[in-house]
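# Descriptive structure summary
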Amino acid sequence: MPPRALIVGQLVGAGRGLAVEPAFEAGVPVRLGKQGRDGRIGDLVTVSTGRGSPRVVAVHGPASSPRAAMAALLASEGLGRSFPKAVLAEADEVADQAMVVDAGRRDLRDQRVITIDPEGAKDHDDAVAVVAEGDAIRLWVHIADVARYVRHGGAIDREAARRGNSVYVPGTVDPMLPERLSSDICSLRPGADRKVVTVEMLVDAAGEVTETRFCRSLIHSRQRLTYPQVDQLFAGGGLGDVALEADLRVVQTLAERLRIRRMKRGALGIETAEPSFRFDGDRLAGVAMEGQTAAHSLVEECMIAANEAVARYMLARNRSTIFRRHEDPQARSIELLYERLVELGIPVPELVEGPLTPTECAEAAVRASEAIARHTARHGGARALPVLVLQALRQAHYSSEHVGHSGLASSAYLHFTSPIRRYPDLAAHRALLDALGLDDPAADATELAVEAERSSMTERAATALERRADRICLAFLLIERLRREPDERFAGEVMGIGEGGAFVAYGPELAFDGYLPARRIEGDWWRSDPLGVMLVGDESGRRIAIGDPVTVRVVEVNPLRGRVDLEPADTSMPAPRPGPRSRRDRRRR
């Protein structure tokens, strides 16, 4: 019997019959047989092909619906399906253990535990508690004890390892764990006792972690806070709880100490913003670009400290686990970065003479980031130019071998703080608990190497899918906006250069993105420069470069492909830059 294949597309008329046109990528329409024609013309559907006539096996809803588009997108990648019956049965079985008091578990339910999450979060992995001790601050980072319920080699564990991670698209999630665990007994919800693994640290006034302890414990969160609530407090507002407000200010002080120490040791300080979508029922109501606020930084610094503490403990005892690996950038990538910045007129320090060492490459990336920050503060381009540094870096991934994390300038790093949604974190929990003598033996080095590689693959796939989902939802929002004002002009910024045009971010908060073909820019014949940072006019010498402001109009939107074509809103593009400079010989000191 031939293998069954699934195609996701839009139901269309085809003569007297029906066909399905692939929705998210180019392809040949599939004609349906007389049976299995569920759905209406215009619906997004999943079609099964193979033995017999193709037939509809799932109807996701109208192609004009963002929620239907998200469901169909997940289905196109084999996601969004229910868990196997064996997994759900095991989840129900282990959930019955949630109220069992474990021998040896430390009771910390008297602590004022703080949970801070995005407004729409459904699973809550982490919580913190603090107390000032003279100039030092004692920090407890509590992480959901997923290993207590997901036993190594069980049905849930095998499915979680296969999935590798949760996948988040606007309005929904394809979870790594069944909802009974991810949104219930493993989620650190307020008003409920929860079993956690605790990392206890004492941090001195210089941001140095001087003491570290680990234990299994029991906590009781009394209030869930969101990032906007915490940011409002730091901006001068209140939460109506004096003790909680005082704790948050202590955490703020602690996070600042940790951040300063991290930056001093050479960590990169690049900040990016991600779209956060708002739904009103089934309608996509709006988007905001969510950047690194004080509340985000507070949580991030505490989690980084916990991740490093666990990694240091495992390395000191030569124990196997899954590490987060981020090698230093390659010399040629850094040299190319500096050439591109010079071509864009951004002053950067000279590189050192001779072949660059890995450490020198990492330091050069930091200096480039700092130079870009100074330039954008005066000249703009803050959305586009930092991306050049990110492009010069290597991609972080999971590995059973430890080399450290270049971007964080960390000599010991792994992922530990999100075991509900990342399998490597669950593996790190098991390895730590095994090393502490608190649980069964964890996976061996060979198995960990396999899981690290698989998790790296699922992470890359999830990241690509989540970005596609964001582009699709942004295109739906753009269509709604253009219905109200079809000829709207958008202020934008050049984000990148292709062979035949420019990629542009535009609109409020530069949330939208699209492609501006060079053929639509009048007055010259445009070509990409050798470094790929600008379009250059053959006759005029005018240059349209990354970071330049532009004003554009939308020509065409294909929402399911997340593709938007643009044209200049003015017959003239940005004020001409000077022609190409003669390149000086850049000696490296």
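Everything below is about the structure shown above.
Reference entry: report on the structure contained in this document. All of these numbers come straight from a predicted model, not from anything done at the bench. (Residues numbered from 1 in each chain as written. Predicted model: local features only at pLDDT ≥ 70, side-chain atom pairs only at ≥ 80, totals over all residues. Heavy atoms only, no water.)

## Here we look at the pattern of salt bridges
One pass over the structure, following the stated rule, counts 45 salt bridges. In this structure, Arg 422 engages Asp 425 in a salt bridge whose closest nitrogen and oxygen atoms are separated by 2.8 Å. Asp 425 shares its class with Arg 422; the two are buried. A single salt-bridge network, built from bridges that share partners, covers Asp 102, Arg 105, Asp 145, Arg 148, Arg 151, Lys 195, Arg 216, Asp 439 and Asp 440. (Salt bridge = Lys/Arg side-chain N within 4 Å of Asp/Glu carboxyl O. Buried < 20%, exposed > 50% of the residue type's maximum accessible area, 1.4 Å probe, protein only.)

## Side note on the packing of helix α3 (residues 155-163) against helix α12 (residues 445-484)
Axis separation between α3 and α12 bottoms out at 8 Å; the angle between their running directions is 55 degrees. What the angle tells us is that α3 and α12 run oblique. Taken together, the residues of α12 that come into contact with α3 (itself represented by Ala 161, Arg 162 and Arg 163) are Glu 451, Arg 454 and Thr 458. Residue classes in the contact of α3 with α12 are distributed as one nonpolar, one polar and four charged. (Axes fitted to C-alpha atoms, helices over the stretch in contact; angles between N-to-C directions. Helix = DSSP H or I, 4+ residues; strand = E, 2+ residues; numbered from the N terminus. Parallel < 35°, antiparallel > 145°, perpendicular 65-115°, else oblique. Contact = heavy atoms within 4.5 Å. Nonpolar A, V, L, I, M, F, W, Y, C, P; charged D, E, K, R; others polar.)

## Focus: helix α2 (residues 85-95)
For α2, every residue scored as buried is listed here: Val 87, Glu 90, Ala 91, Val 94 and Ala 95. Down the axis of α2, the smallest arc covering the buried residues is 135 degrees, so these residues share one side. The exposed residues of α2 that point more than 90 degrees off its buried face are Lys 85 and Glu 93. Against the buried residues of α2 lie α3 and α4 (179-185). (Arc of directions from axis to C-beta.)

## A word on the sheet that holds strand β2 (residues 17-22)
In spatial order, the strands read β3-β2-β1-β4-β5; together these five strands make up an open sheet with antiparallel pairing. Two strands in the sheet have a free side with no partner beyond their single neighbour: β3 (30-31) and β5 (55-62). Strand contacts of helix α1 (residues 66-76): β1 (5-14), β4 (43-49) and β5, with the helix running at about 145 degrees to β5, the strand carrying the most contacts. (Pairing = 2+ DSSP bridges.)

## So, the nonpolar core
Ile 334, Leu 337, Leu 478, Tyr 506 and Val 554 are the most contacted members of the largest nonpolar core, which totals 78 residues. The dominant element in this core, judged by the number of residues it contributes, is α12, at eleven residues. With residues near it in sequence (within four places) discarded, Val 554 still touches Leu 478, Leu 482, Phe 490, Tyr 506, Val 564, Asp 565 and Leu 566. Membership of the second largest hydrophobic core comes to 76 residues, among which are Val 146, Val 150, Val 251 and Met 303. (Core = buried A, V, L, I, M, F, W, Y, C linked by side-chain atoms within 4.5 Å.)

## So, the side chain of Ser 187
By secondary structure assignment, the location of Ser 187 is in the loop between α4 and β12 (193-203). Within the structure, Ser 187 has its side chain in polar contact with the backbone nitrogen of His 124 (distance 3.1 Å). Those residues in contact with Ser 187 that lie beyond four places of it in its chain are Lys 122, Asp 123, His 124, Leu 181, Ser 182, Arg 194 and Ile 420. (Polar contact = N/O pair within 3.5 Å; in protein donor to acceptor, adjacent residues only side chain to side chain.)

## Considerations on the packing of aromatic side chains
Considering all chains together, one arrives at five aromatic pairs under this definition. Between Phe 214 and Tyr 313 the ring centres are 5.0 Å apart and the planes differ by 70 degrees, which places this aromatic pair in the edge-to-face class. Placement of Phe 214 in strand β13 (residues 209-220) and of Tyr 313 in helix α7 (residues 294-316) is noted, with a sequence separation of 99 residues between them. For the pair Phe 214 and Tyr 313, a shared accessibility class is recorded, and that class is buried. Over the ring of Tyr 149 we find Arg 148, and its NZ or CZ is 5.8 Å from the ring centre. Just above the ring of Tyr 398 sits the side chain of Arg 324; from NZ or CZ to the centre is 4.5 Å. (Phe/Tyr/Trp six-rings, centres within 6.5 Å; stacked < 30°, edge-to-face > 60°. Lys NZ or Arg CZ within 6 Å of the ring centre and 35° of its normal.)

Just geometry here; none of it tells us what the structure is for.
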